[in-house]
Every structure is written in C-alpha cells, then in structure tokens.
Amino acid sequence: MNLGKGERIKKKATLEELAALVGGQVEGDRLLEITGIASLEEAGEGEISFLAELKQWPRLEKTKASAAIVPLSVPSFPKPLIRTSNPYLAYAKVQTFFTHQPYSPRGIDSRAYIGQNVRIGRDVSIYPFVYVGDGSQIGDRVILHPGVYLGESTQVGEETILYPYVVVMERCLIGRRVIIHAGTVIGSDGFGFAPEGDRYVKIPQVGIVQVGDDVEIGANCAVDRAAMGKTWIKRGVKTDNLIQIGHNVTIGEDTVIVAQVGIAGSTEVGNRVALGGQVGVIGHIKIGDGAMVGAQSGVAQDVAPGQVISGTPAFSHREWLRTQAVMPKLPEMKRALAALEKRIKALEEKTSPK
Amino acid sequence: MNLGKGERIKKKATLEELAALVGGQVEGDRLLEITGIASLEEAGEGEISFLAELKQWPRLEKTKASAAIVPLSVPSFPKPLIRTSNPYLAYAKVQTFFTHQPYSPRGIDSRAYIGQNVRIGRDVSIYPFVYVGDGSQIGDRVILHPGVYLGESTQVGEETILYPYVVVMERCLIGRRVIIHAGTVIGSDGFGFAPEGDRYVKIPQVGIVQVGDDVEIGANCAVDRAAMGKTWIKRGVKTDNLIQIGHNVTIGEDTVIVAQVGIAGSTEVGNRVALGGQVGVIGHIKIGDGAMVGAQSGVAQDVAPGQVISGTPAFSHREWLRTQAVMPKLPEMKRALAALEKRIKALEEKTSPK
Amino acid sequence: MNLGKGERIKKKATLEELAALVGGQVEGDRLLEITGIASLEEAGEGEISFLAELKQWPRLEKTKASAAIVPLSVPSFPKPLIRTSNPYLAYAKVQTFFTHQPYSPRGIDSRAYIGQNVRIGRDVSIYPFVYVGDGSQIGDRVILHPGVYLGESTQVGEETILYPYVVVMERCLIGRRVIIHAGTVIGSDGFGFAPEGDRYVKIPQVGIVQVGDDVEIGANCAVDRAAMGKTWIKRGVKTDNLIQIGHNVTIGEDTVIVAQVGIAGSTEVGNRVALGGQVGVIGHIKIGDGAMVGAQSGVAQDVAPGQVISGTPAFSHREWLRTQAVMPKLPEMKRALAALEKRIKALEEKTSPK
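An account of the accompanying structure is given in this report.

Cut-off values and rules
- Residues numbered from 1 in each chain as written.
- Chains lettered and ligands numbered in written order.
- Predicted model: local features only at pLDDT ≥ 70, side-chain atom pairs only at ≥ 80, totals over all residues.
- Heavy atoms only, no water.
- Helix = DSSP H or I, 4+ residues; strand = E, 2+ residues; numbered from the N terminus.
- Buried < 20%, exposed > 50% of the residue type's maximum accessible area, 1.4 Å probe, protein only.
- Least-squares fit on C-alpha atoms with pLDDT ≥ 70 in both.
- Pairing = 2+ DSSP bridges.
- Phe/Tyr/Trp six-rings, centres within 6.5 Å; stacked < 30°, edge-to-face > 60°.
- Right-handed = clockwise from strand over helix to strand, strands pointing away.
- Contact = heavy atoms within 4.5 Å.
- Buried area = accessible area lost by both parts, 1.4 Å probe.
- Salt bridge = Lys/Arg side-chain N within 4 Å of Asp/Glu carboxyl O.
- Polar contact = N/O pair within 3.5 Å; in protein donor to acceptor, adjacent residues only side chain to side chain.
- Disulfide = S-S within 2.5 Å.
- Nonpolar A, V, L, I, M, F, W, Y, C, P; charged D, E, K, R; others polar.

## Quick look at the environment of B:Tyr149
- Inspection of the secondary structure puts B:Tyr149 in strand 15 (residues 149-150).
- According to the relative accessible area criterion, B:Tyr149 is buried, its value standing at 6%.

What follows is the structure, encoded as structure tokens:
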C-alpha cells in the first residue's frame, strides 16, 4: 500500500468546454484555454473567475482573471465571458472539474483492525488505526480515513468517505456517496431515562441510525441512535458542524442544517427545510416541507410547510422582524405609558364635576 | 482475545415474571410467554408493548402486541395487561431485561498501548488503539472501546464503559458504572488567561475532573479540569451530547443536562436540577436543588431551589410564557400608544380654555 | 523511547524571587521559602496564595497560607505579602513557575504512522497512534499526543502542542507555541453547496486554515477550511471549547472566544474582540477591534470598533439591559394600554356634544 499523495494531475479546458459543462453561453474567444478557477481578487492569467451577483460588478472590473462566469444580465465586457442563469452553481461545477482527482485506492493498511466476518468491496482505502467491527459491510471504493471506527454489523455504502475519527456505532447504516467529517459520532445512545424516585433508570437504546445516500454531515456532530426503530437522515441532507440530532428524529430529503443546531427526540423535519445556525427544536413536533427557521430560534410547536419563522419561541419571521425593531424602544414605551396615564388622570379630574 | 460478537442470547419471560420485575399487576394469562418489547406500532406476536399515557389509547387498540404494560387507570382490554403506576419505568426495566447480554471480557488487545505502573482489574475489555498512560488504575470489568485515551495517573472505576475516542486527561478520576459516549473529552484545560497589556498569559490549569458513580455523559462533550482543585460531576448526573462544563464547576447528584448546554466556570449546580437544551449559565453562580431551566435560556444570576425559569436573562417561567405571548403584539402596542397620545392631545385641546 | 512520567521536580523560591518574577513589592520576610501556590482556602504551610480583589478580604483573614499576593490597596497584614497592581496576573506567573516542568522529548513512537517526505524537527514527542501525512513538516519540540492526525502537506510550528485526536486536515498551517485541545478539527470542509433544482451540488473547499503563533483552541471545536484562500486565526487568539468557525472567517489578534460560539462564513472579527459564550455571528460582516458581544447574542450586522452589544439581533448592551428589565412587565403594559384606552373613550364621550 502506497500512502503517498502522488502528483496532482493538472487540468485544463477551453472556454467552450467549460460553457458546455455549466450550460452557459460563451462570449468571446471560445478556444481560450483555462487552467483553474479563483475568486475575482485572486484569479490570474489563464484562470477563470465568477461574478455571483450583478452588484459585485466593481470587483469584476479589477480582476486579472482571463475570463469570467457572469449572470445573464451583465452588460458586455472586454474579457471573454460565460453567461449563465446560475453563476454560483457554475462555479461549483467548474471548481469540481479542476480539483477532482482520479481516485486511486490505497487498499487495506496492515495497521487497521478488521474484525471477523467483515465484507469489504473492491477498491477501498482503509487507512492505519481504522477499526472495523465484526460482521460489518463496506461497499466499493469506500474511503475510511485514519481512526474511523465502525461498530459491529455496520454497513457503509459505495463511494462513501468517512474522515478521521468518525465513529459509527453498532448496526448503523450509512448510504452511498455519503461524506462525514472528522470527529462526528453516529449512533451514540439516545438520551432516555425513566425517573424512579430521585434517580434515573437508563432506557436501553436498541434502535439504529440510518443515513441516506448523498448525505453530508459536518465535523464533531452527534446523531443519536433510536430508542427503538431508527433515527433517519434521508437522502441529500447537508449539515454543518457541531449539530445534535436526538433519538428517533427524521430529517427529510435535501434539508439543510447550519452549525450548532440541536433537534430533540422524535421530531420529524420535512424535505427541503432550512434550519439556521444554533436553532433549537423541541421533541415530538413536525416541521413541514420547505419551512425555514432563522438562526438561534427556538421551535416549540409544529411548523406548517413553507413557513418562515424566527424567535424563541419562534413565530412568523416577518412579524418577528417588526417585533425586534420595537424591542429597543420598550423602555421609552413604558415611560410614555406612565406619562399618558398622568395626562388622562389630569383630564379626568378636569372634566369631573367638582 | 476474541473480538467476535458471539451469538446474542435470546431471552423470554412469562407475563407474571415481567410483572414481578416491574412491580405491576397481571390481568389475563399469567403464563403467557413474552420474547421482547417494542412500540405499539412495531410490536408483534409474542411481544409486549407499553402505553406511557392514557391519551395514547387509540394506538393501543391497533397494536399487534400480545400484551401491554398500561397505567393503572386504563379500562379493561381484550389482551393480557400489566398494570403499573409508571409504565415508562416498567418499559425501561423490561427493555433492559430483554437486551442485557451477559458480559464476556475481551482482555487486553495487543494493539493497545499500556504505560508503566498501570494497575488493571479483572475481566476488563481493552480494545485496539486504546492508550493507557503511566500510573493509571483501571477497575474490574471496565470496557475501554477502541481509541480511548487515559492520561497519566487517571483512575477508572469498576464496570465503567468508555466509548471510542473518549479522552480522559491526566489525573482525572472516573467513578464506577459510569458511561461516557464517543468523542467526549474529560479534563481539557479550563479557559483561564490573565491579561497583560493587550496579550493574554495562560493560567496553568492544575486541578482535575472528578466524575461520580453512575454518571452518564453524552457524545462529543467537553468537561474542563479545574484551575486548582476539581471540577466535579456528582453521582447520578446524566448529560446529553455536545455540552460544555467549565473549570471548577460542580454539578449536583441526579441532575439532568440536555444537549448543547454550556456552564461557565465555578458555577455550582444543585441536586436534581434540570437544564433544557442549549441553556447557557454564567460563571460563579448557584443553581438551587430541583430548579428547572427552559431550553435556550440564559441564566445570569443565582437560582433559588425549585425555581422554574426561562428566557435570556432568565426569570419566572410562568411570567416568561405570558411575556412571550405579548411579544408578537409589540408593534401593535407601539401604534396603539401613538394613537392614544393623539386622542389625549385632542382631548386636552378641547378641554383647555381658549 | 520512555513514555514514563518521571519524577516531578519540586520547586521552591523565596518571597523576594517571586516578587521579582511578578514585578511586586515584598512586605515582611524577604527570604521566606515558598513551595507552591494555592487558593486562600486550600493553601497551607509553606505555600503562597493570592487575593484577586479587595472584597475577598475576609477569605484572606482565614487563610493558612504562609504568604499572599495582594492588590496595592490592601491594608497591612500580619503575614508576609507581595503587593502588585495585578494579583491575578501574578498568580498566573507564580503558578506557571511552580508547575512548569523541564521538557524531555519522547522521540517518535514506533506505533505512530509517519508518511513519506515528512520533515521532523529536533526534540519532538510523537506518541502512539499519531498519523502524519505525506509531505508534512513538524517543528522542533512539537508534541503530538496519541491519535493526532496531520493530513498531507500540513505544517506545525515549533513548540506547538496538539492534544489527543486533534485533526489537522491537508495543507493547513499551524503556527508556533500553539495549543489545541483534544478532539478539535482544523480544516474540515466549509459548508458550501449550490442549489440545482431541489438538490445541492457540493462546492469543493480547496482553501486552507492558517493558525497563527501563540493561539490556544479549546476541545472539540471545528474550524472549517476556506472555499478558496484561507480561514485565518491570527496570533494570540484564545478560544474555549465547542466553537465553530466557518470557512474564510478571519479572527484578529488576541481575540477571545468563549465556549459554543459560532461564526458563519467570510466574517472578519477584529483584534482584541471578546465574544461571550454561545454567541452566533452571521456571515460576511465585520466586527471592529475591541468590540464585546454579550453571551448568547446574535450578531446580524457590522459592529463598530469598541462597541459593546447584546441581544438577538444584538444592539447596544446598555440599551439591551434596560430593555430586558422592561420585558417581564410587558403583559402589565398591555393591560395598562387597554385600560387607558377605555378611560380615554369615556373622556371622549363625556366631552362630546350630545
């Protein structure tokens, strides 16, 4: 096994080829050769850059990039352009083109521990200090970085990448093309205790966690296994770092969860939901498809599909904005109220029969 | 050492035996043989289920379970029952009965690193890639999962389970029957710096962390060692994932701490306190026995025993609920105030001598 | 390689020597021999203690310490004293003097994995289960505790200490005299996805993280690598545990970040800023030098240098305090408003022509 990095393969493409990749229109030299993509400030000779929004126009004027990906609405410009309706998506695709390296499997390092009755697919990379528990199944082209822990009878689907010290506890199921960043724990015990007098009796957490295909989970997160049944992170979910998912939670497809969010047990989050950073969600509620929750909000009851909410407890985001604008005026309102009361009293005295 | 899982031992019990286990009363076939426990929806032939609260009654009517654990108040039912005053506790006990496997020690794996002058009790399980620092003491039947790190002169009490990549820094003391989930760090340096001009001088953190018996700590938490003396998590404390405990904090017995809570240095939390998810507690205060703090609250001063508080900064939970109900009406109140002011002005003009 | 702890070297110093160390004035026996420092309650014969603030005076009167470090303003006292303008800083320095042990390098343990083309300085300590990726550079006297992961082409400066399971992903740069506590991840992918219809396309995160000299980062934190360019934690920054730093964030020199703070992408935090526990900061804003943000606040827009703010969204801390004082009175204000309205209506009817 060769753990060496090997030479990075340098790539290049014509403007025409990149335009085809992103579904855009070339303006200018179609055969211009591009060797990389960088920000407007950092791009140089031979590189392409991108303008995500029209208002960044002044940054485009100063760029040293040889070409740029721009929105459809950008006026003509003295450099070659690729026009597209979604420059940010085009950037993602071009960046992927330039940075993607062909995968060369490392095999199974002799310093990894592989248990009994483990099934390992083809072309895997299992690095030193990986622990694979008995009865586990690892798909083709899976990469287990140093120190990954797979408990007994776990399954990891094809082309999944687990970064250093990712822990997958026993019987949990990880889908295909999943990415889990370093230090994240999948399948720790749910937080379940039954009070008996002043003390607590632990409720065995015998369920699992299932992670769907194409999920990406950030670093140092914790996803608890179900008490019974499963905690389920469905296809396409993307989470940032340091998030907490309680037992028996379901997260719907293509939902996005920003850093430090916590979701309590048995809550169902719908598809294409967006939860802002540091949001807290109580247990046993439903958040409808397409709902959005503002950063730091506390969600304490069901959320209808498509609703946009903020605050603790959260309500309509629009109303919350109005409320927050009034907040700094509260002390003044209190004084105004007292002053009005005095004036009314004066009026009452004046108009009373003496 | 055999790291194989071995066959799970299948268990069964009569309804009568389970009733004795949970202190309940059988109604129906006392000798009915039960092979497992599952939720009302998932239980099948031969399994028992449970009804935690009377309002879940419609779920009971549809269950395919062969028997059910129910509250005392449930009316008669066509299936065998165990009546008990605390069905949730009964579930915990029956689930423990069915899932508990006899412990078979794995011994000390040759891929673990064991330092000098280490005392290791009987029947331990020390997995690959565990690191045990010099002078440590490990009690009987302790389980150190892969990658556990014990610093120099640490102590781990009997029957404690440390999950993968738990870190216990030097000289820290872990009690008996403690469970610490994956990735948690015990004994990192407290956050202490003395300003010297614009810069900071590190204050050596020379104290320890002491974790009492029967404590359970979640995944990816951080518990800092004391500056001097000890950070102390007392007997029976249960914490969820991703919590932060500052240096010199004391957490009282049987206190429950939900995910992502942070407690700043030198604060004393009493016995049987409950801190909701994402709560923040400032340093150098006291939270009295039995107090409860609502999720996401910020506790900025002492809390009397038994108090129930919410908000940032936190005050009476009941008053906070009333306050929050008014919040969305703030903009309306501001407009109303302005309108009243106008009406008063009009009245004042009307009643003034011209 | 000897991983044994060895005997701690016992230190002692005269009061005169300690006074010189901290820049203080001795009062009493200049040649009194001191063997350690402890809190006023715990210090005993031969030890020195310290009084950080004058109001702790009653604790000083009861101490069994043989001497004390005190503020300049303390009245005369029957025990030997060191007077200084900053007793807390003096404590830091004296504690460092008594606890600092001469460093004895452990060398490179045979159970560590060292990749190809790695450059390792003199007198390092590389413990078992450390993984050093190809092309990495490790400075003199660096300590890599068990399980540290260094990705390909990383650099770690002189005298830096990485605690167990610290992960530094490929190409990231760690400065000199840096301390990173256990479980922290440096250089995980930034959270960047471009929507394409209902799904998300990952934006490759090809930048790095650069950590300046004399930085200290707490346990179980996550610092994301830049999308392009770098995430930059500048010289002297000190962070507590469980913090999240998004991609392309810059943290200025000597800034202090308390536990569980989250900072979203591309935000620039100035020098000597202080962020309280659990603060959230949105992306793409600037926080000026010397600004302070109260615990649990949400920062949603630029903050001027030196500003002190609190709340979600945050505004002037002073105004926030006044606002929060009014909060519990909101329900009463609402009732008062309704009552005034009635009284005005009555007045209006009374003064109207019938």
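## Some points on the relation of the copies chain A and chain C
- Its rotation angle being 120°, the transformation that places chain A on chain C also includes 0.0 Å of axial translation and leaves an RMSD of 0.1 Å. The two molecules are tied by a three-fold rotation axis, judged by turn and shift.

## A closer look at the sheet that holds strand 33 (residues 268-269) of chain C
Residue and element names in this part refer to chain C.
- An order of 10-13-16-19-24-27-30-33-36 is seen for the nine strands of this open sheet, with the pairing classed as parallel. The open sheet has two edge strands, strand 10 (119-120) and strand 36 (286-287), and neither has a second partner.
- Pairing of strand 19 (residues 173-174) with strand 24 (residues 208-211) involves two bridges; the strand directions are parallel. By the bridge assignment for strand 24, Ile174 is matched with Val211.

## Observations regarding the packing of aromatic side chains
- The tally for this structure, following the rule as stated, stands at 30 aromatic pairs over all chains.
- With a centroid separation of 4.1 Å and an interplanar angle of 10°, the aromatic rings of A:Phe50 and A:Tyr91 are classed as stacked. One end of the pair, A:Phe50, is in strand 5 (residues 47-50); the other, A:Tyr91, is in helix 3 (residues 87-99), and 41 residues separate them in sequence. One exposure class covers both A:Phe50 and A:Tyr91, and it is buried.
- Taking 5.8 Å as the distance between ring centres and 75° as the angle between the ring planes, the aromatic pair formed by B:Phe129 and C:Phe129 counts as edge-to-face. Of this pair, B:Phe129 sits in the loop between strand 11 (125-126) and strand 12 (131-132) while C:Phe129 is found in the loop between strand 11 (125-126) and strand 12 (131-132), placing the two residues in two different chains. The exposure classification of B:Phe129 matches that of C:Phe129, with both residues buried.

## Observations concerning the pairing of strand 6 (residues 67-71) of chain A
Residue and element names in this part refer to chain A.
- Most of strand 6 sits inside the fold, with five of its five residues counted as buried.
- In the sheet, strand 5 pairs with strand 6 via three bridges, with the strands oriented parallel. Residue pairing across strands places Phe50 opposite Ile69, the latter belonging to strand 6.
- With helix 2 (residues 57-62) bridging strand 5 and the parallel strand 6, this β-α-β connection has right-handed handedness.
- Judged from the four bridges that link them, strand 6 and strand 7 (residues 81-84) form a sheet pairing that is parallel.

## Details of the interface of chain A and chain C
- Contacts between the two partners involve 66 residues from chain A, matched on the other side by 73 residues from chain C.
- The contact between chain A and chain C buries some 5,500 Å² in all, and 65% of this surface belongs to carbon and sulfur atoms.
- Together, A:Phe129, A:Tyr165 and A:Leu337 form the three largest contributors to the area buried by chain A at its contact with chain C, with a combined 10%.
- Along the contact surface separating chain A from chain C lie five salt bridges.
- The residue C:Arg343 makes a salt bridge to A:Glu348 at a minimum N-O spacing of 2.8 Å.
- Our count for the contact surface shared by chain A and chain C stands at 20 residue pairs in polar contact (both at pLDDT 80 or more).
- In terms of residue count, the dominant contributor to the side of chain A that touches chain C is helix 5 (residues 330-351) of chain A (12 residues).

## Focus on the state of the cysteines
- Inspection of the entire model under this criterion finds zero disulfides over all chains.
- Between B:Cys221, a free cysteine, and C:Cys221, which holds the nearest cysteine sulfur, the sulfur-to-sulfur gap is 13 Å.

## Here's the deal with the interface of chain C and chain B
- The interface of chain C with chain B comprises 66 residues on the first partner and 73 residues on the second.
- Between chain C and chain B, roughly 5,500 Å² of surface is buried when both sides are summed, and carbon and sulfur atoms account for 66% of that area.
- Considering only the surface of chain C that becomes buried against chain B, C:Phe129, C:Tyr165 and C:Leu337 emerge as the three largest contributors, covering 11% of it.
- Our count for the chain C to chain B interface comes out at 21 residue pairs in polar contact (both at pLDDT 80 or more).
- Secondary structure elements with two or more residues in the side of chain C that touches chain B: helix 3 (87-99), strand 28 (238-239), strand 31 (256-257), helix 4 (317-326) and helix 5 (330-351) of chain C.
- Considered class by class, the residues forming the side of chain C that touches chain B number 33 nonpolar, 18 polar and 15 charged.

## Considerations on the environment of A:Leu337
- As for its position among the elements, A:Leu337 is in helix 5.
- Residue contacts for A:Leu337: discarding those within four places in its chain leaves B:Leu337, C:Met333, C:Ala336, C:Leu337 and C:Leu340.

## Quick notes on the pairing of strand 21 (residues 185-188) of chain B
Residues and elements named next belong to chain B.
- In this sheet, strand 21 lies alongside strand 18 (residues 167-168) in parallel orientation, the contact comprising two bridges. Each residue of the ladder has a partner; that of Val168, found in strand 21, is Ile186.
- In this structure, strand 21 lies alongside strand 26 (residues 222-224), joined through three bridges in parallel fashion. Paired with Val185 across the strands is Ala222, a residue of strand 26.

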